[in-house]
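# Remarks on the overall topology
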Amino acid sequence: MSFDRVRVRIAPSPTGDPHVGTAYVALFNYVFARKHGGDFIIRIEDTDQTRYRGSSEDMILRSLKWLGLSWDEGPDVGGAYGPYRQSERREIHAKYAMQLVESGHAYRCFCTPARLEVMRQEQKAAGKTTGYDRHCRGLSQTETAAHLTAGDTFVVRLKMPTEGKTVFQDYVRGAIEIDNGRIDDQVLLKSDGYPTYHLANVVDDHLMKISHVMRAEEWITSTPKHVLLYQAFGWEVPTFCHLPLLRNPDRSKISKRKNPTSLRYYERSGILPHTLLNFLGLMGWSFGDNVEIFSVAEMIERFDPKHIHLGGPIFDQSKLNWLNNQYLQKSTDDEFVSYIRDQMFSPEILKLLKPLVCERIDRMEQFVDKNAFFFNGALTYDQATLVPKEKTVADVISVAGALADVLDDVYDWDGEHLKAALDTHREAIGWKPKDYFMTLRLILTGRKDSPPLIESIVVIGREVTRFRLRSLPQLLK
RNA sequence: GUCCCCAUCGUCUAGCCUGGCCCAGGACACUGCCCUUUCACGGCAGCGACGGGGGUUCAAAUCCCCCUGGGGACGCCA
């Protein structure tokens, strides 16, 4: 291999909560980099303007710092190969895309999203695999020029070979091959001028001298596209290593609807950062010698991606709890004090709580009992009081589920947006305000005498709110 | 549906590459007992798996093939 240095990266997309899957991939990359004295890099892949959330990048970096995974280059610390935010690299990506157009490896496509949608529908109806029909691939220079002068928007697509097969070596899986005929003419540059993941990823990995691409298994199918892209550019292909996907208890790809996925949830619920790292290290990998409890430093000593078990591990909360308990028991007095003080009763949380709780307590002694729900995860419910007259348990469960969906779409977790979302949802389902808000109050705070609902939800946070809403069906069974 | 990946206790896994030491080891969960004024911790014990079928071999959890099952991908999302 001619990469003279191990350089790995994680490429999170700032579209929401910091994800436990990001931490998982980050851990393995981090450990691999440290093991080989290489570099661990964070690159923010914010090329999707429709899903971009401003606060997300900060939260992701914050959560990774909380975990103690430090990076050598990234959007906040810079580095020799920056910028590390793809939105700031648009000109670079556009330049390389046009370079491929000129070299004949790519072409402009003027098909509208509407046309593509119709095409896909037809393909689906005919029972075929969906894929671009290469309508614009054969466009003549004059036809292209006509579109251009007409001001038609276009995307740039990679011209995939129609014959032969593309093979790449996965570091843990061995050779993986796919017939070129089934690889789509991938969009490289979107009509808004932003690159797609495929282009940006390959270009940036090359420019940043990434030697090993360790990412989740879901990328296997598109890896041949990436390989073909490297070849079109004439660049050396890095080593690919696809990690297994974390799973929900039902074995589907881990998702926030079925399992808490936010790192902030684990932080808020009092899982220690080194517990989570240790636990993640147990997913698909084992230390050996029947040792289950180990530090990241110890993991670095033993780690070898070759020994990754490829079955997708279920992210099971009960073993995580056991592990955390082990660490809690082992902690020193000072450590324990700082865990509780910094992670549970942090000044940030207490300051948020102050305006909500102050007028409702006289002696401070009442604080803990009256406000336990701000710190708890799951609550217990009394069905009789939870369900309004004229409503059933099933009604409440369905409202909770629907509301969880609604709140997943609320990107700005503040009073204003939450109020709007709740009002809209309440009207949509036609519940009386009194029933709706009291039921919600009981579900989310567990008591009737809690501080104002919306403000409370803001503090409880997105993760715990979702958790209470989503876990309600089990609790009412 | 098509393609790709995967397959050991309910769960996380060891063993598989380099077949015999495996009638499969550890951990979580669960059950029982012990410790204990309670709960928890801790200790001990128990329950519990090589998906199925063909090969190869003196010998297969380990190698090969098929089936089945699970997952992923099929976007101007990453």
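A count of helical and extended segments in chain A gives 19 helices and 9 strands. Scaling as 2.2 N^0.38, a compact globule of 477 residues should have a C-alpha radius of gyration of about 23 Å, and chain A matches this with 25 Å. Seen through its C-alpha atoms, chain A measures out along the principal axes to roughly 80 × 55 × 40 Å. Per-residue burial over chain A gives 48% buried out of 477 residues. Put simply, chain A shows about 22,900 Å² of open surface, and 52% of that area lies on carbon and sulfur atoms. Between the centroid of the 62 positive side chains of chain A and the centroid of its 63 negative side chains there is a distance of 3 Å.

Bringing the pairing of strand 5 (residues 165-170) into the picture now. Side chains T166, F168 and D170 project from strand 5 onto a buried face, and the interleaved K165, V167 and Q169 project onto a face without burial. Note: strand 5 against strand 6 (residues 174-179), 6 bridges, orientation antiparallel. Note on strand 6: the bridge partner recorded for F168 is I176. Hairpin remark: strand 5 followed by strand 6, antiparallel, with 3 residues in the connecting loop.

Time to look at the nonpolar core. Residues F28, L276, L280 and F315 are the most contacted members of the largest nonpolar core, which totals 92 residues. The dominant element in this core, judged by the number of residues it contributes, is helix 1 (residues 20-35), at 11 residues. Other than its neighbours up to four places away in sequence, L276 contacts W66, L67, L263, Y266, I271, F315 and L320. In terms of nonpolar packing, the next biggest core, distinct from the first, is built from 31 residues, M98, V101, M160 and V227 among them.

A separate point is a nonpolar patch on the surface. Taken together, the side chains of L328, F336, I340, F345 and L350 define a hydrophobic patch exposed on the protein surface, amounting to about 370 Å² of accessible area. Its location among the elements puts F336 in helix 12 (residues 333-344).

This part is about the protein's contact with RNA strand B. By nearness alone, 53 residues border RNA strand B, and T130, R173, K190, G284 and E292 come closest of all. A share of 81% is what sugar and phosphate atoms reach among the atoms of RNA strand B within 4 Å of the protein. Taking R173, its side chain carries an N or O atom lying 2.3 Å from a sugar or linking oxygen of RNA strand B. Between RNA strand B and I314, the relevant distance is 2.9 Å, taken from a phosphate oxygen to a main-chain nitrogen or oxygen of the residue. Looking at the surface near RNA strand B, the elements with two or more residues in it are helix 4 (113-125), strand 4 (155-158), strand 6 and helix 11 (317-330). Considering every element that reaches the surface near RNA strand B, the biggest residue donor is helix 11, with 5 residues.

Attention shifts here to the pattern of salt bridges. Counted according to the given criterion, the structure contains 36 salt bridges. Of the charged contacts, one joins D408 and R466 as a salt bridge, the two residues approaching to 2.8 Å between their closest N and O atoms. Taken together, the residues D408 in helix 16 (residues 393-408) and R466 in helix 19 (residues 453-475) connect sequence positions 58 residues apart. You can call D408 buried: its relative accessible area is 10%. Via salt bridges that share partners, D17, R257, D405, D408, R462, R466 and R470 belong to a single interconnected network.

Let's shift gears to unusual backbone geometry. With an omega of -5 degrees, the peptide bond running from G82 to P83 counts as cis. Structurally, P83 can be placed in the loop between helix 2 (54-67) and helix 3 (90-102). You will see that R134, though not glycine, has its phi angle at about 60 degrees, which is positive. With respect to the helices, strands and loops of the structure, R134 is situated in the loop between helix 4 and helix 5 (141-149). With a relative accessible area of 21%, R134 lands in the partly exposed category.

The subject of this paragraph is the pairing of strand 1 (residues 7-10). Neither face of strand 1 is exposed, since R7 and R9 on one face and V8 and I10 on the opposite face are all buried. Sheet analysis places strand 1 next to strand 2 (residues 39-42), joined by 4 bridges and oriented parallel. Note on strand 2: the bridge partner recorded for R7 is D39. Where the polypeptide runs from strand 1 across helix 1 and back to strand 2, its parallel neighbour, the crossover connection is right-handed.

At a minimum axis distance of 11 Å, the contact between helix 16 and helix 18 (residues 433-445) shows a crossing angle of 80 degrees. If you check the angle between helix 16 and helix 18, you find them roughly perpendicular. Across the interface between the two elements, V396, V399, A400 and L403 from helix 16 touch Y436, T439, L440 and I443 from helix 18. Considered class by class, the residues forming the contact of helix 16 with helix 18 number 7 nonpolar, 1 polar and no charged.

You can read the domains of chain A as domain 1 (1-72 + 198-344) and domain 2 (347-475). In this structure, domain 1 and domain 2 have C-alpha centres spaced 32 Å apart. Both sides together, the interface formed by domain 1 and domain 2 hides about 1,300 Å², and carbon and sulfur atoms give 48% of it. The largest contributions to the domain 1 side of the interface with domain 2 come from R257, Y265 and R268, which together make up 45% of the buried area. Counting the contacts that link domain 1 with domain 2 gives 4 salt bridges. Across the salt bridge formed by R462 and D17, the nearest N and O atoms sit 3.7 Å from each other.

Relative to each other, helix 13 (residues 347-357) and helix 19 sit at 165 degrees, their axes nearing to 10 Å. Classified by the interaxial angle, the pair formed by helix 13 and helix 19 is roughly antiparallel. Here the hand of the crossing between helix 13 and helix 19 comes out left-handed. Each of L352, L353 and L356 in helix 13 lies in contact with helix 19, whose residues at this interface are E455, S456 and V459. Partitioned by chemical class, the residues of the contact of helix 13 with helix 19 number 4 nonpolar, 1 polar and 1 charged.

Rules used throughout
Residues numbered from 1 in each chain as written. Chains lettered and ligands numbered in written order. Predicted model: local features only at pLDDT ≥ 70, side-chain atom pairs only at ≥ 80, totals over all residues. Heavy atoms only, no water. Helix = DSSP H or I, 4+ residues; strand = E, 2+ residues; numbered from the N terminus. Rg over C-alpha atoms; globule rule 2.2 N^0.38 Å. Buried < 20%, exposed > 50% of the residue type's maximum accessible area, 1.4 Å probe, protein only. Areas by Shrake-Rupley, 256 points an atom, 1.4 Å probe, with all protein chains shown as cover. Lys, Arg positive; Asp, Glu negative; His and termini not counted. Charge placed at Lys NZ, Arg CZ, Asp CG, Glu CD. Pairing = 2+ DSSP bridges. Core = buried A, V, L, I, M, F, W, Y, C linked by side-chain atoms within 4.5 Å. Contact = heavy atoms within 4.5 Å. Patch = residues over 30% accessible without salt bridge, like charges linked within 9 Å, V, L, I, M, F, W, Y side chains within 5 Å. Salt bridge = Lys/Arg side-chain N within 4 Å of Asp/Glu carboxyl O. Near = heavy atom within 4 Å. Polar contact = N/O pair within 3.5 Å; in protein donor to acceptor, adjacent residues only side chain to side chain. Right-handed = clockwise from strand over helix to strand, strands pointing away. Axes fitted to C-alpha atoms, helices over the stretch in contact; angles between N-to-C directions. Parallel < 35°, antiparallel > 145°, perpendicular 65-115°, else oblique. Nonpolar A, V, L, I, M, F, W, Y, C, P; charged D, E, K, R; others polar. Domains from an automatic or database assignment. Buried area = accessible area lost by both parts, 1.4 Å probe. Left-handed = near helix turned anticlockwise from the far one by under 90°.

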